[in-house]
Every structure is written in structure tokens, then in C-alpha cells.
Amino acid sequence: MREKKEFIEGLKDGLPICLGYLSVSFAYGMRAVLAGLPLGVAGLISLSNLTSAGQFAGTNLILAGGTCLEIAVTTLVINLRYFLMSLSLSQKVEEKMPLRKRLAVSFGVTDEIFAVSMQHPGPLSAAYMAGMILLPVAGWTGGTLIGGMATNLLPERLSGALGIALYGMFIAVIVPPARKSRPVLFTVVFAGLCSIGIRYLPWIKELSGGWGIIIITILVSGIAAVLFPVKAEREEE
Amino acid sequence: MDMTRVLISVGVMAGVTYLIRMLPMAAVRKRIENVTVRSFLYYVPYAVLSAMTFPDILEATGSAATAAVGTIAAVALAFWGKGLLTVAVGASAAVYLASLLF
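As the structure is a computational prediction, the values presented were derived from the model and not from experiment.

K.L.:
Quick rundown of the overall build of chain A? Include the residues and the values.
P.N.:
A tally of regular secondary structure across chain A gives 13 helices and zero strands. Its helices and strands in sequence order give chain A the pattern α-α-α-α-α-α-α-α-α-α-α-α-α, from N to C terminus. Taking 2.2 N^0.38 as the reference for a compact globule, 237 residues should give roughly 18 Å; the C-alpha atoms of chain A span a radius of gyration of 19 Å, in line with that estimate. Considering only C-alpha atoms, chain A reaches an extent of 55 × 55 × 40 Å along its principal axes. Counting all 237 residues of chain A, 49% fall into the buried class. Nonlocal contacts in chain A, meaning residues at least 24 apart in sequence, comprise 77% of its contacts between residues at least 6 apart.

In C-alpha cells form, the structure reads like this:
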């Protein structure tokens, strides 16, 4: 009974992610098919990868005839941030969660699912995670297939507006705690400034993409952890 | 297009991505007691999400001006404690309205 309730709660929390994914994956499916990838392969990539930037880069490499090694290294670098997210999540899921459920749940670690998980109060059960992951996977795969079939249905104005939806969710996760806690505000502002710096400062521009995010995350979280160690009770808020 | 090569490539992408996600979750099954490591992991979401949002959000709509309007709307809604869906839809609506003006 408790499991069912948590599963439904997860479904509800996954719905906004699913809607955001529909529009992004729509664009992915459209581009992949126009570039010459069979529709089924585009759908398979979305279903089996469940990533944005990682699979976009991988798809481009496949189309350009890249080697498996190139594809593996590119995917690794762009997606390495999931390692940190998964590590953070390992402390947030119920400690008693059995290995097989951990293996299943970890498939669904995306930026957005991670963001929603970390904002959920209390430990995360497998039922809740399963519910939250289900609709986004369906939305991501379905959106890819629809986008690949309908090569230009979405008016530009609308797709531009939808393009900001997922970032809006990130902001909804980071702003309220930053308002309440100085250390979180420090982390958010510092990481944002570093990321802007990496993008526009000429001599470190090469760090953009996968590595940049990872280095910033480790650096900023590390400094924040040393400056503002979190006492166990405060974390439970 | 050589379908075997394509399917192997897709398998490589999926395999690498899954391993990255699965290893920490499967390997770290106990509560970490070290305060610095716990604190580090506590700050990871805020650092990673902020670094991913800025400055990319300004390129998310195809126009820096409409994206800026959307960003301000999102921050304001989040500041007033609105939920994920409200913030996401509000930011999209703000971008749409701004694109009618600019």
C-alpha cells in the first residue's frame, strides 16, 4: 500500500520532466532522422541512453563514421557528471534498498530526475524512483519517435519557449534553498560564475562541455564543504 | 549505412552511460559518515545544476533577449517558492510572450 502511494507520488513528480523531455527529444528525433539515421535507431538511442548532450554528440559521431573508442570516450566525458549525481543519490536512497533495485534505479539518473530526487523530502524508495523515471523515459523515447516522423510540426516560437522549460526546473531546485541558506547561495553563485567564465574567457574555453561541468562541480562543492561543513541535523530540513 | 556498426556504436554509448550511473549507486551502499565527504555530496546538486544552467539558459531559446526574460521569470517564480512545474511553465510562457514583442 505504501509502495503504491509512493509510486503514484513518483509518477506525479515525473510528469513535468516528461513534458520537458517531449519537446527536447522531439528536436533530437527530427535532427537525427534528417541527418540520415533510421527512425528506429534514433528511438533505440533515446530509450537505451536517456541522455541529452551525450547522445547528441554520440549520434553525430555515428553519422560521421567515428570509431567505437571515440564514441566511448566522448560519451564518458560528457556523461561523467552522472557519476557525481549517482554518488550523491547513493546517500539519499533508502539505505536498505537491495542491489537489484539499485541497478534498476540507477538507469534513470538524468539531470532532471536527479534534481527532483534531491528536492524530495526524506529518503528515496525504489517505488518512488520507479514512478518518477517511468514517464520521462516514455516521454524521451516517444518524443524522439514523433520528432523523427513529423519533420517540422513545431513552430519555431513554440519550440524556443519550450527550450527553456528544463532550465526552469533546475532554477526551481536551486533558488529556494539558496534563499534560505548562505552556503547554498555561495555554491550556486560561485558555480554559475565559474561556468560563465569557462564559456567566455579565451584561454580556458577548451574546457567547455563535459569536463568543465565536472571540474566546476568538484571544485565548488569541495570548497563549500570545507568552508561550510554540513551538520547531520541541518541536512534533514 | 552499415547497420551492424551503427548498432554496436549505440551499444557502446548505452553501456558506457549505464556504467557511469550504476557504479556509485551499486558500490556505495552504506551511509558515508565523514563530514567533509557528506558536505561535499550535499553541495554537488547545487553546484552541478547551477553550472549547467548558466550560461546555457541564455542560448536555450534561440534569442538571448527572450531567454533573459525567461530566466528572470524563472528566478522570480522560484524565489516565491513555486514548484517545478509552475516555474518551468512560467518561464516558457514568459519566453513565448517576449518572442511576440521582440
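Next, the rest of the story.
K.L.:
Tell me about the environment of A:Ala191, and please be specific about residues and values.
P.N.:
Tracing the chain through its elements places A:Ala191 in helix H11 (residues 182-200). The sequence separation of A:Ala191 and A:Gly142 amounts to 49 residues, and the corresponding C-alpha distance is 33 Å. In contact with A:Ala191, other than residues within four places in its own chain, are A:Ile216, A:Val220, B:Ala47, B:Ser50 and B:Ala51.

K.L.:
Which residues make up the confidence of the model for chain B, and what are the values?
P.N.:
Residue and element names in this part refer to chain B. A residue-level look at chain B finds 100% of positions with pLDDT of 70 or above and a mean pLDDT of 90. Mean pLDDT across the secondary structure elements of chain B bottoms out at helix H2 (residues 35-53), with 88, and peaks at helix H3 (residues 64-79), with 96. Scored as a whole, the predicted complex attains pTM 0.80, and scored at its interfaces, ipTM 0.86.

K.L.:
Run through the domain arrangement of chain A, naming residues and quoting values.
P.N.:
All names here are of chain A. Looking at the assigned domains, one finds that chain A contains domain 1 (2-166) and domain 2 (181-237). If you average the C-alpha positions of domain 1 and of domain 2, the two centres end up 23 Å apart. Contact with domain 1, which involves five residues of that partner, is made by six residues of domain 2. Broken down by secondary-structure element, the contributors of at least two residues to the side of domain 1 that touches domain 2 are helix H4 (68-79) and helix H5 (81-90). Within the side of domain 1 that touches domain 2, the residues separate by chemical class into four nonpolar, no polar and one charged.

K.L.:
How would you sum up the environment of B:Ala67? Please name residues and give values.
P.N.:
Here B:Ala67 lies in helix H3. The exposure class assigned to B:Ala67 is buried, which follows from the 26 C-beta atoms found within 10 Å. Leave out the neighbours within four places in its chain, and B:Ala67 touches A:Ile164, B:Ile57, B:Leu58, B:Glu59, B:Ala60, B:Thr61 and B:Val95.

K.L.:
Let's hear about the packing of H11(A) against H2(B): which residues, and what values?
P.N.:
Close contact between H11(A) and H2(B) brings their axes to 8 Å; oriented N to C, the two are set at 35°. The crossing of H11(A) and H2(B) is right-handed. Across from A:Val184, A:Thr187, A:Val188, A:Ala191, A:Gly192, A:Cys194 and A:Ser195 in H11(A), the residues of H2(B) making contact are B:Tyr43, B:Tyr46, B:Ala47, B:Ser50 and B:Ala51. When the residues that make up the contact of H11(A) with H2(B) are grouped by side-chain class, the tally is eight nonpolar, four polar and no charged.

K.L.:
I'd like a rundown of the interface of chain B and chain A, residues and numbers included.
P.N.:
Residue-level contacts link 64 residues of chain B with 83 residues of chain A. Those elements that place two or more of their residues in the side of chain B that touches chain A are helix H1 (3-27), H2, H3 and helix H4 (84-101) of chain B. The leading source of residues in the side of chain B that touches chain A is H2(B), at 18 residues. Grouping the constituent residues of the side of chain B that touches chain A by class yields 45 nonpolar, 15 polar and four charged.

K.L.:
How would you explain helix H10 (residues 165-180) of chain A if you had to name every residue and give the values?
P.N.:
Helical geometry: 3.6 residues make up each α-helical turn, so side chains three or four residues apart lie on a common side. Residues and elements named next belong to chain A. Compared with the 22 Å implied by 1.5 Å per residue over 16 residues, the 24 Å span of H10 between its first and last C-alpha is a close match. Burial analysis of H10 places twelve of its 16 residues in the buried class, which makes it a mostly covered element. For H10, the set of buried residues is Ala165, Leu166, Tyr167, Gly168, Met169, Phe170, Ile171, Ala172, Val173, Ile174, Val175 and Ala178.

What counts as what
- Note on numbering: residues in each chain are counted from 1, in written sequence order.
- Each chain is given a letter, starting from A, and each ligand a number, starting from 1, according to the order in which they appear as written.
- Where local features are concerned, this predicted model is filtered to residues with pLDDT of at least 70; where side-chain atom pairs are given and counted, the filter is 80 or more; whole-chain, interface and lining totals use all residues.
- Going along the chain from the N terminus, every DSSP run of H or I of four or more residues is numbered as a helix, and every run of E of two or more is numbered as a strand.
- Note that the radius of gyration is over C-alpha atoms, with the globule rule given as 2.2 Å times the number of residues to the power 0.38.
- Exposure is read from a count of other C-beta atoms within 10 Å of each residue's own; the residue is exposed at 12 or fewer, buried at 20 or more and partly exposed in between. C-beta atoms are placed from the backbone.
- Here, residues touch in the contact sense if the C-beta positions derived from the backbone fall within 7 Å of one another.
- Values of pLDDT, ranging from 0 to 100, describe the predictor's confidence in every residue of the model.
- Domain start and stop positions are those given by an automatic or database domain assignment.
- Throughout this entry, Asp, Glu, Lys and Arg are counted as charged residues, while Ala, Val, Leu, Ile, Met, Phe, Trp, Tyr, Cys and Pro are counted as nonpolar. The remaining residues, Gly among them, count as polar.
- Angles here are taken between N-to-C directions and fall from 0 to 180 degrees, while the axes themselves are lines fitted to C-alpha atoms, restricted in helices to the stretch in contact.
- Handedness of a crossing is defined here by the sense of rotation of the near helix relative to the far one, left-handed for an anticlockwise turn of less than a right angle and right-handed for a clockwise turn.
- By definition here, a helix of n residues has an expected span of 1.5 Å times n minus one.

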